[in-house]
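Observations on the model geometry
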Amino acid sequence: MHAHRALLLFLTLLLLFGDMSTASAEDSLTLGVAWMGRSRMSKRYLQGIENSLAQAPLPIRLKVKGNLPHEDALDSVISQFETTCDAMILLRSSTVRSIKNRPRPIPTFIGATTHPVKLGVAPRLDSPETNLAGVSYYVPAALRLSMFREVLPTISHYILLVEKGHPAAEIDVEQSRRAAQELSLTIKPLYCDTLATVLQSIDTVPEDYGILLGSQALLMDNAKKIIEAAPNTPFFSYADLPVEYGALAGFSANDIHMGQKLGSMVVDVLTEAVDMDSLGIILSETPVLHFNHESLKRFSENIPQVIKNLAETQEYLDGILAGAPVGIGVVSEGVISHVNTYILEHTGYSQEHLMGKPKSSLYPTKESYRTVMDTISSAMKRGDLARVETKWIDRTAQESDILLSVTPTMRKDPHKNYIFTALDITARKEQEAFFKSVFENTEAVTLLICPETGIIHDANPAAESFYGWPLERLRQKRIQDINTLSDEAVKQEMAHARSRERVYFEFTHRLHDGSLRDVAVFSSDVHHKGETYLFSIIHDITEVQNARHLLIRRTYIFIFVAMLLCVGMCLLLLRFLHTIDRLRETEGALRKSQQKLSTLFSSMTEMVVLHTLVYDAQGSPVDYRITDSNDAFIANTGIPREKSVGRYASEVYGTTPPPYLQEYAEVVKTKEPHVYTRHYQPLEKHFAISAVPLEQDDFATVTTDITAMKEVEEVIKRKNRELENYLYVASHDLRTPLVNIEGFSRLVHTDITTLSTLIQDSSPRKEDLHTARTIITESLPKNLDFIHRNVQSSNALINGLLQVSRTGRQPMNITEIAMDTLVTNVFVAQQFQLNQVNATYSVEITHSCYGDETLLMQIFTNLISNSIKYRSEERPLHISVTSSNRFKNSLYTYTDTGRGISEKHLQRIWDVFYRGDAGTDIPGEGLGLSIIKRIIEKHRGSITCYPNPEGGVQFDMELPGEEFTEI
């Protein structure tokens with residue numbers, strides 16, 4: 001208030017005594033700004049100047065004359081400023097030099113220039129001449145060159161391009177030469193007065209030289225053309241603009257910030273009567289080094305790793321800021337110095353517009369800004385995270401809700417130097433306001449109840465009107481105080497509501513005046529800020545209940561005087577009215593239930609798909625359309641939602657008709673769910689499919705991948721069959737030779753007994769000697785030979801069992817196998833046997849597979865051996881092996897023109913020791929095919945045998961086309 005009163009008094013004095021002020025209250029102060037040539041630096045300075053003038057206690061009008069073409073135009077503008085303006089600002093070295101020997105009748109400020117003392121404009125920085133002050137940026141030449149040498153150490157010779165006749169050119173040349181001598185570098189200046197001379201000079205630059213671009217207008221305005229003229233030469237710049245066009249590195253200053261300081265000087269002199277001579281010329285020597293990342297890559301071989309890391313880090317941080325899903329900004333010395341893309345997109349401003357603006361610029365009012373700063377200040381003092389919800393205003397004057405977090409960057413003046421993050425919470429605030437409005441303005445009685453204690457956490461005005469207690473009293477009560485049930489019964493009902501076992505209840509509630517009312521309550525649990533509450537909607541059904549009782553009594557009377565049909569109609573009407581009432585009240589609860597079902601649908605690990613059956617013109621099912629699917633379906637099938645939802649299943653799965661059409665049609669027809677277990681060959685997976693009918697022609701499938709379980713079951717079945725086969729061999733095939741051995745052993749024992757008797761006779765007869773000789777020379781050798789052969793037979797059976805067992809236990813070395821090479825090598829290994837029987841073969845294999853190379857070679861070795869053994873006498877033996885693709889597997893077909901296998905033996909040829917040619921003299925134990933089948937099953941494959949239509953036999957072997965794990 002005191003400040004406002006003082007300002008009003010000051011303005012009044014200005015009206016009364018206008019001659020005592022620099023400018024009257026009627027007329028604003030005027031500031032002239034001018035510079036020669038095009039200059040981005042001058043424009044950034046001007047932006048900072050405008051920001052400072054906007055905060056001035058008195059209005060200061062700007063007259064800007066930029067991009068002046070020559071000195072005559074500049075002299076004219078300065079003369080105009082000296083007679084029409086209260087002060088003037090001159091920017092750039094070419095502009096400032098014009099006042100070197102010129103009197104200064106008005107306060108004159110300079111900026112965006114080289115060192116003023118070296119330029120000859122001022123004798124000293126701290127005590128310049130009368131009516132002269134300024135803010136500029138200067139980086140010593142030694143610092144520039146040393147930084148460039150750090151960037152590209154291999155360059156020790158430089159060409160310095162400067163504009164001929166420019167006041168800053170000689171300063172650049174002199175200082176650069178002196179700095180180069182100190183750093184043991186070589187610098188050769190080239191003076192150019194046109195773009196043509198610049199381009200001509202570049203053509204003569206040796207390959208091992210670098211080029212330094214001076215900051216004069218000729219070079220800055222044509223930087224892009226100059227750099228493009230020598231793409232293989234490294235350019236360095238004393239300014240930042242050429243870096244955008246391909247210069248390897250360059251310096252810049254915070255021009256907006258310096259312009260703001262310069263503007264503050266003007267405001268202090270014109271409105272606060274600060275002594276001009278006490279200000280001096282402020283010179284910033286803090287360089288900001290910029291890199292061109294494309295040029296860094298081009299010259300990366302000669303750039304130190306530390307510079308690469310620095311540039312990559314800068315690029316990485318810029319990428320993070322640009323892509324961050326939250327607004328990030330920096331405030332330096334009370335003004336905005338940087339914001340990221342998020343803030344620019346949400347406010348509609350450009351980076352240039354916001355840079356240098358006061359930190360209060362984004363707030364709709366000064367009061368809202370001060371409130372935010374007070375809240376943040378309090379949080380900083382407590383050591384808490386400085387976070388506050390506020391409002392920002394965008395370029396179109398639209399307000400938005402913002403969650404603002406602040407982190408100081410300096411202990412000194414933390415309110416002026418900090419990093420802030422901003423998150424647009426407008427949608428959330430609007431949603432909260434909407435739900436609050438619904439809660440408070442609905443005509444339905446609504447309570448929010450704590451399920452643990454029964455305390456009424458909140459109630460709406462409708463509840464206040466219904467129960468008769470003020471809201472403050474109502475929010476202090478427990479639901480047990482209102483419900484006529486016992487406390488224990490009320491707790492049980494709340495437990496039902498919390499678990500959602502029931503959501504509809506009917507109670508009797510006590511009002512403030514002591515009256516009782518029958519109520520229907522819809523109650524379910526809700527969660528807010530980590531707490532659980534019961535959201536209860538209460539309807540007064542007292543009149544409905546009274547009417548119901550009255551109607552029941554009248555109905556009983558009417559039963560005795562009217563027809564039974566009327567009773568049914570009344571009951572139906574009552575049921576209908578009650579249902580309509582419940583439907584209206586449960587609409588909100590049903591909507592929440594649908595949301596939960598949707599969440600459950602998406603998060604289920606089983607594949608859940610919704611379908612609609614499609615019929616042809618005759619009403620027969622021909623396809624079904626996928627209407628929705630959950631994430632598990634996408635993960636298991638690899639089919640994205642956009643390629644499945646809304647499309648026919650035949651199109652999605654690539655099969656006609658689509659999979660399991662008849663089963664699904666039966667479910668839709670009978671309206672009864674059904675469970676199927678199917679093997680879907682395109683995916684090589686087993687599924688348990690539960691098909692459930694929905695409305696009309698819709699149905700849902702819940703599919704579980706049971707491939708692993710089926711594989712285990714198949715392994716167990718196979719092992720059981722092998723055990724049964726082994727038991728059969730042990731009980732039958734091994735028993736036969738053992739019985740023979742036992743029988744012939746008894747014969748040997750009889751012969752030995754007879755010989756023993758004959759030996760004991762001291763005078764044997766001739767017949768006895770003949771009998772003994774027959775036993776020794778015929779009977780005993782014959783019986784022992786039978787025993788020996790049966791022992792060999794048993795040993796062969798046991799060795800066969802061991803061989804089959806080893807085949808199943810041997811670990812595999814699974815790799816990708818070039819089957820054309822493997823099969824050809826097997827044929828070559830058996831070439832001698834094939835030649836012996838004049839057999840021929842052909843191999844046409846184009847598909848590889850995964851497996852154990854040794855075991856796969858054994859498969860084809862056994863098959864070829866069998867083809868040779870069982871060749872036909874009627875036709876020459878020819879063996880062929882071909883391949884094809886079957887979904888994810890490779891199919892190999894082996895055919896020969898041999899004797900073939902009778903169909904009655906096809907089911908048993910895989911059994912151990914089974915031979916369909918048992919009555920022939922062809923050698924063998926009946927193990928070859930059994931071992932082949934075990935090897936293929938060990939590879940998770942399959943083998944099938946068919947008679948060859950052209951004579952002989954055909955084997956189809958399916959082996960995995962992808963890498964697998966041994967079971």
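Anyway, here's the lowdown on the structure attached to this text. Treat the numbers as computed from the prediction; the structure is a model and nothing was measured.

What about the overall build of the chain?
A count of helices and strands for the chain gives 34 helices and 34 strands. For the chain, the share of sequence-separated contacts (at least 6 apart) that also reach a separation of at least 24 residues comes to 60%. Put simply, the chain shows about 52400 Å² of open surface, and 54% of that area lies on carbon and sulfur atoms.

Thoughts on helix α33 (residues 853-869)
The end-to-end C-alpha distance of α33, which contains 17 residues, comes to 24 Å, matching closely the 24 Å that a straight helix rising 1.5 Å per residue would cover. All of the buried residues in α33 are L855, L856, I859, F860, N862, L863, I864, N866, S867 and I868.

Comments concerning the sheet that holds strand β9 (residues 235-237)
Taken together, the six strands give an open sheet; going across it, the order is β7-β6-β8-β9-β10-β12, and neighbouring strands pair in mixed fashion. Looking along the sheet, the strands with just one partner apiece sit at the ends: β7 (186-192) and β12 (288-291). Adjacent strand axes in the sheet meet at a mean angle of 25 degrees, parallel and antiparallel pairs treated alike. Across two bridges, the pairing between β9 and strand β10 (residues 249-252) is parallel.

Overview of the environment of H115
By the element assignment, H115 lies in the loop between β4 (108-111) and α5 (116-119). Assessed through its relative accessible area of 12%, H115 is described here as buried. Separated by 25 residues in sequence, H115 and P140 have C-alpha atoms that sit 9.2 Å apart. Among all residues touching H115, those that are not within four sequence positions of it are L125, Y138 and L283.

Focus: the side chain of Q480
Mapped onto the secondary structure, Q480 falls in the loop between α20 (471-474) and α21 (487-499). Discounting residues that sit within four places of it in the chain, Q480 has contacts with T453, G454, D487, V490, K491 and M494.

Observations regarding the pairing of strand β2 (residues 60-68)
In terms of strand pairing, strand β1 (residues 29-36) meets β2 through seven bridges, oriented parallel. Bridging across to β2, L29 finds its partner in I60. Handedness of the β1-helix α2 (residues 40-54)-β2 crossover: right-handed.

Considerations on the sheet that holds strand β16 (residues 399-408)
The five strands are arranged β14-β13-β17-β16-β15 in an open sheet whose pairing can be described as antiparallel. Each of the sheet's edge strands pairs with one partner strand only, and the pair in question is β14 (335-339) and β15 (386-393). Each neighbouring strand pair of the sheet contributes to a mean axis angle of 35 degrees, computed without reference to strand direction. The pairing of strand β13 (residues 327-332) with strand β17 (residues 418-424) spans five bridges and is antiparallel. Bridge pairing links V330 to I419 in β17. Against the sheet, helix α17 (residues 366-382) contacts β15, β16 and β17, and its axis sits at roughly 170 degrees relative to β15. Docked against the sheet, helix α18 (residues 426-441) engages β15, β16 and β17, running at close to 125 degrees with respect to β16.

Some details on empty space enclosed by the protein
For the coordinates displayed, the defined rule picks out four cavities of 30 Å³ or more. Considering only enclosed or pocket space, the largest cavity measures out at about 220 Å³ in volume. Along the walls of the largest cavity sit 16 residues, with Y653, Y660, Y664, I689 and T703 positioned nearest its centre. Those elements that provide at least two residues to the lining of the largest cavity are β23 (607-615), α25 (631-637), β26 (685-693) and β27 (698-705). For the lining of the largest cavity, the leading source of residues is β23, giving three residues. When its residues are assigned to classes, the lining of the largest cavity shows 12 nonpolar, four polar and no charged. Estimates place the volume of the second largest cavity at around 170 Å³.

Quick look at the pattern of salt bridges
Per the stated rule, a full pass over the model turns up 22 salt bridges. Between R102 and E82 there is a salt bridge, with its nearest N and O atoms 3.3 Å apart. Linking R102 in the loop between α4 (93-96) and β4 with E82 in helix α3 (residues 71-84), this pair joins segments that are 20 residues apart in sequence. Taking the shortest distance from any N to any O, the salt bridge between R647 and E651 comes out at 3.6 Å. Relative accessible area serves as the criterion here: at 33%, R647 is assigned to the partly exposed category. Through salt bridges with shared partners, a single network forms among D75, E82 and R102.

Some thoughts on the nonpolar core
One recurring pattern in soluble globular proteins is that nonpolar side chains are buried together. One finds F109, L145 and F148 to be the most contacted residues of the largest nonpolar core, which totals 57 residues. Examining the composition of this core, we find that seven residues originate from one element, helix α12 (residues 255-271), more than from any other. Every residue in contact with F109, bar those within four places of it in the chain, is listed here: A87, M88, I89, L90, A133, L262, M265, V266, V269, M276 and L279. In terms of nonpolar packing, the next biggest core, distinct from the first, is built from 42 residues, C849, I868, L929 and L959 among them.

Brief notes about the packing of α33 against helix α34 (residues 928-938)
Put simply, α33 and α34 touch, their axes get as near as 9 Å, and they point 150 degrees apart. Relative to α34, α33 is oriented roughly antiparallel. The chirality of how α33 crosses α34 is left-handed. Counted together, L855, Q858, I859, N862, L863 and N866 of α33 and G928, L929, I931, I932, I935, I936 and K938 of α34 form the full contact between these two elements. Tallied by class, the residues present in the contact of α33 with α34 amount to eight nonpolar, four polar and one charged.

Each value, and the rule that gives it
Residues numbered from 1 in each chain as written. Predicted model: local features only at pLDDT ≥ 70, side-chain atom pairs only at ≥ 80, totals over all residues. Heavy atoms only, no water. Helix = DSSP H or I, 4+ residues; strand = E, 2+ residues; numbered from the N terminus. Contact = heavy atoms within 4.5 Å. Areas by Shrake-Rupley, 256 points an atom, 1.4 Å probe, with all protein chains shown as cover. Expected span 1.5 Å × (residues − 1). Buried < 20%, exposed > 50% of the residue type's maximum accessible area, 1.4 Å probe, protein only. Pairing = 2+ DSSP bridges. Axes fitted to C-alpha atoms, helices over the stretch in contact; angles between N-to-C directions. Right-handed = clockwise from strand over helix to strand, strands pointing away. 1 Å grid on protein atoms, 1.4 Å probe; cavity = no way out; pocket = protein on both sides within 12 Å on 5 of 7 lines; lining within 4 Å. Points joined across faces, edges and corners; volume = space filled by probe spheres on them. Nonpolar A, V, L, I, M, F, W, Y, C, P; charged D, E, K, R; others polar. Salt bridge = Lys/Arg side-chain N within 4 Å of Asp/Glu carboxyl O. Core = buried A, V, L, I, M, F, W, Y, C linked by side-chain atoms within 4.5 Å. Parallel < 35°, antiparallel > 145°, perpendicular 65-115°, else oblique. Left-handed = near helix turned anticlockwise from the far one by under 90°.

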